Amino acid sequence: MKTSAFTLKLTASALALGLAAPASADTLRLLTWGGYAPENVIEMFEAETGHTVEVTTSNNEEMIAKLRATGGGGFDLAQPSQDRIAGPQEEFGIYKPMDLSKIDAALFIPSMLEATKANTTVGGDVYGVPHVWGTDGLVLNTAQAADVKDYTDLCSDAVAGKVSYRMRRPTLIGFAFSMGMDPFAAYADEAAYTEILSKVEEALIACKPNVKTYWSGGDELMGLVRSGEVVAAMAWDTGGWKLNEDNPDVTFVAPTSGALGWIDTFVIPAKGQADDAAYAWINFVMKPEIAAMITESAGNFTASKGADEFVSDALKAKYQASFPQEAVDNIKWYPPVPAGLEALEGAVLDRVQAAR
Amino acid sequence: MRAGQKLGLILLLTPLLLWLSLLIIIPHIDLFLLSLRERVGVRQYETGLANYTTILTEPLYMVTFARTAMMSILATVLTLLIAFPVSYYIAKMARGRARSVLFLMCLVPFWVSELVRTFGWMILLRESGVISGLLQWAGLAAGPVEMLYNDAAMMVGLVYTSMLFMVVPLVTTLDSLDDAVIEAGYDLGGSGPSILREIVIPHAMPGIVSGSIVVFMLSLGNYLTPTMLGGKDSLWFTQMIYSQFIVRFNWELGAAFGFMLLILSSLIVWAVLRLTGQTLEKTMG
């Protein structure tokens, strides 16, 4: 009751603000990923709308932790992945429903927009629209790790001591698929999911001697691969493509069990104070030519319809080399993570980290 | 006059009290209440000790704490062993300018951030790093040598990070030891080791204890060094607190971890003080 009264008050005040000053210049506090709000795009947006943009870069977990700490305040627009919206919203109530009438749906690739809307619906309200998408897969130095085709191959003797992956949930999911299981199908069934996790745990502990170190930041992994200390890693596609510019041997490879697909979205935090600016930003960056600029900066493609035409040929070529059509069809898209699942995974990750 | 004194006292105490209550006491009360909350379902919480029973029943957590505590104690002992001769030299043997220069040299590494210092060690120790390159150049190693991502590297980082906090109290206490006392010890037929044991160490004891407490607490609460230098084998208790709060959204268990860390580390300090026959008053006074 308290929360609904509160949201009412908020919407009322937002309405009042909107009525009083229809074209007022706001400050948009944007909580996003590195590369998603490049300087040139911000300048164009500020020149066109008069709003100012303050960018804070972060990652999924920190975004949610920050919003949870303030009850959804401090930012006006955030960009968590689509699988991390429904769970945290049910649990912590940190987002506000999207007013889809303020979004220009024609700018989006229809299938992606519908999928994201379905995945981020809680209690009949839609909380997110898609922005940037990409995949988790293998970053390989093909000269030295040509035999690595799937996540489980990271544990083969050929690459012993030269492997790195993250101690995060994508690793668990990727290994489960690679071992022939389907963790996404077991999301709703806690017992089945626990069983899958225990098998993955065993594999990861057995694989530990092969690992040089668990990477935690993108730059850390770049350093490890650039210096040649790591020849095979589980990482994002853009990491592989960026490294490819320095060393043509290194590239991103979609694993045979399927790359893991994520979509980063736009959500409005529960206590966001500049909704108009937020919707303006969404509609602005989804324009094909602007979306292409973001693709150049972030390395990943967007859900903007027709933006591909504006993307440089070099990036398109890398994308096509990593993703032949069958690899695209084989992408496993992350479904929404049910609330509470992270605790199960967390215990497994802790035990793997502690194993000797 | 008396009222004026009282006002002065209040004004002087205000910053301290504000600091203590706003930054230490209130957050800890909040943390404690949070740690007593257990999640039973979506947005449903009950009050109970479930988080603490989880810690006590899941061996991993206690093992991690024990490992963190043992490594921190080891780091403290190593820091003391290295810092004592250094401090003795600075306080008793070096004179004039040499003394200031030496003290400054201990201080200089702390002018850069901990992150940069730790990264410096990574550059030295990594497989494609400076030491590995030197060894290969000198013909002592056939191939690249990996020295990072193990307990030894982590220990090096911890000792290096906490060196200053041992040197400063040791120099201060050793400085107050009158040279004449040491001379008298020699005149009475004492040898180097016996003077060290009977005169220098007992005099330096308050410095040793306060330095050790600071270094132990700093190591126990360190997050950066174990993460960066320890790599895949470094499970450190602070990392578990971080991952409960940030990665798993499990603030309740994270808060319980934080409280356990506070209680257990206080217990260890108390036990060591008892074992060595020291009291906090003697050390601080």
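Residues numbered from 1 in each chain as written. Chains lettered and ligands numbered in written order. Predicted model: local features only at pLDDT ≥ 70, side-chain atom pairs only at ≥ 80, totals over all residues.

A look at the interface of chain A and chain B
Piece 1. Taken together, the contact between chain A and chain B spans 23 residues of the former and 20 residues of the latter.
Piece 2. Going through the elements one at a time, α3 (60-69), α4 (86-92) and α14 (341-354) of chain A are the ones with two or more residues in the side of chain A that touches chain B.
Piece 3. Of the residues forming the side of chain A that touches chain B, the biggest block, seven residues, is contributed by α14 of chain A.
Piece 4. When the residues that make up the side of chain A that touches chain B are grouped by side-chain class, the tally is seven nonpolar, five polar and 11 charged. (Contact = placed C-beta atoms within 7 Å. Helix = DSSP H or I, 4+ residues; strand = E, 2+ residues; numbered from the N terminus. Nonpolar A, V, L, I, M, F, W, Y, C, P; charged D, E, K, R; others polar.)

Concerning the domain arrangement of chain A
You'll often see interface size given as the accessible area lost when the parts meet.
Residues and elements named next belong to chain A.
Piece 1. Its domain assignment divides chain A into domain 1 (2-133 + 262-322) and domain 2 (136-260 + 331-354).
Piece 2. Using C-alpha coordinates to define each centre, domain 1 is positioned 28 Å away from domain 2.
Piece 3. Counting from both sides, the interface comprises 16 residues of domain 1 and, opposite them, 16 residues of domain 2.
Piece 4. Within the residue set of the side of domain 1 that touches domain 2, elements represented by two or more residues are α4 and α12 (313-322).
Piece 5. Among the residues forming the side of domain 1 that touches domain 2, the class breakdown is five nonpolar, six polar and five charged. (Domains from an automatic or database assignment.)

Concerning the nonpolar core
Generally speaking, nonpolar side chains in soluble globular proteins are found buried as a group.
All names here are of chain A.
Piece 1. In this structure, L77, V139, L154, A232 and A233 are the most contacted members of the largest nonpolar core, which totals 98 residues.
Piece 2. Ranked by residues supplied to this core, first place goes to strand β7 (residues 129-141) with six residues.
Piece 3. Here this core gathers at least three residues from each of two domains, domain 1 (2-133 + 262-322) and domain 2 (136-260 + 331-354).
Piece 4. If sequence neighbours within four positions are ignored, A232 has contacts with L138, L140, A145, V148, L154, V159, K162 and V163. (Core = buried A, V, L, I, M, F, W, Y, C linked by C-beta atoms within 7 Å. Buried ≥ 20, exposed ≤ 12 C-beta atoms within 10 Å, placed from the backbone.)

With respect to the sheet that holds strand β1 (residues 27-32) of chain A
Residue and element names in this part refer to chain A.
Piece 1. Across the sheet, three strands lie side by side as β2-β1-β3; this open sheet has parallel pairing. Of all the strands in the sheet, the pair left with one neighbour each is β2 (52-57) and β3 (77-78).
Piece 2. Note: β1 against β2, six bridges, orientation parallel. The partner of R29 across the bridge, within β2, is E54. (Pairing = 2+ DSSP bridges.)

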